[in-house]
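For reference, the chains in residue letters:
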Amino acid sequence: MAKSTPKTSRALGLIRELVDAGRPIIYIQSPEEDRVAQLLREAAQQLFTTSVPVFTWSLTEGLHRDDGGAVKANGQGPRAALDFIAAHPGAGVFHLKDFHEPMQASAEVRRRLRDLYAACLNSQKFVFIS
């Protein structure tokens, strides 16, 4: 594995602080989507007792597991992604790309996201919106 640059280490350190604080929903604002995805993969491997799966959702591709594992969700829309996260039985890192659009457009999605915050507390599930 290549050495992390200080910038990457600092960013991962910030993610570690938020995860350690138990914040189940974290908003990351960055134009570097690939870098965010890489940081979340590193976080899933390094910040938990055992490596946890990373799931990614986008409006165009729906929900998928980063390692290619199957995802059985009831649909591919934003509400289905949130329902999947709530029902997921174990720890996980969930990356929701461009999720600000569905949040702004749908009161139902905003409400489900608020519900998800409470559902994910103390469950080792972390939702990252970028």
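Residues numbered from 1 in each chain as written. Predicted model: local features only at pLDDT ≥ 70, side-chain atom pairs only at ≥ 80, totals over all residues. Heavy atoms only, no water.

Engineer: How should the environment of S30 be read in this particular structure?
Structural biologist: Structurally, S30 is set in the loop between β1 (25–27) and α2 (33–46). Given a relative accessible area of 32%, S30 falls into the partly exposed group. A sequence separation of 100 residues divides S30 from S130, and the C-alpha atoms of the two residues are 7.0 Å apart. Within the local environment of S30, its side chain forms a polar contact with the backbone nitrogen of E32, the two atoms lying 3.0 Å apart. (Helix = DSSP H or I, 4+ residues; strand = E, 2+ residues; numbered from the N terminus. Buried < 20%, exposed > 50% of the residue type's maximum accessible area, 1.4 Å probe, protein only. Polar contact = N/O pair within 3.5 Å; in protein donor to acceptor, adjacent residues only side chain to side chain.)

Engineer: Got a minute to help me understand α2 in this structure?
Structural biologist: The periodicity of an α-helix, 3.6 residues per turn, causes residues three or four places apart in sequence to face the same way. The end-to-end C-alpha distance of α2 is 20 Å, a good match for the 20 Å that 14 residues give at a rise of 1.5 Å each. Residues of α2 that are buried include every one of V36, A37, L39, L40, E42, A43 and A44, and no others. (Expected span 1.5 Å × (residues − 1).)

Engineer: Sorry, what's going on with the pattern of salt bridges here?
Structural biologist: A side chain with one charge may pair with a side chain of the opposite charge, provided their charged atoms come close. The tally for this structure, following the rule as stated, stands at 7 salt bridges. The salt bridge involving D67 is made with R65; its shortest N-O contact spans 3.0 Å. Across the pair D83 and R112 runs a salt bridge whose closest N-O atoms are separated by 2.7 Å. Taken as a pair, D83 in helix α3 (residues 78–87) and R112 in helix α5 (residues 107–120) lie far apart in primary sequence, 29 residues in all. Here D83 falls in the partly exposed class, since its relative accessible area comes to 27%. Using a relative accessible area of 18% as the deciding quantity, one classes R112 as buried. (Salt bridge = Lys/Arg side-chain N within 4 Å of Asp/Glu carboxyl O.)

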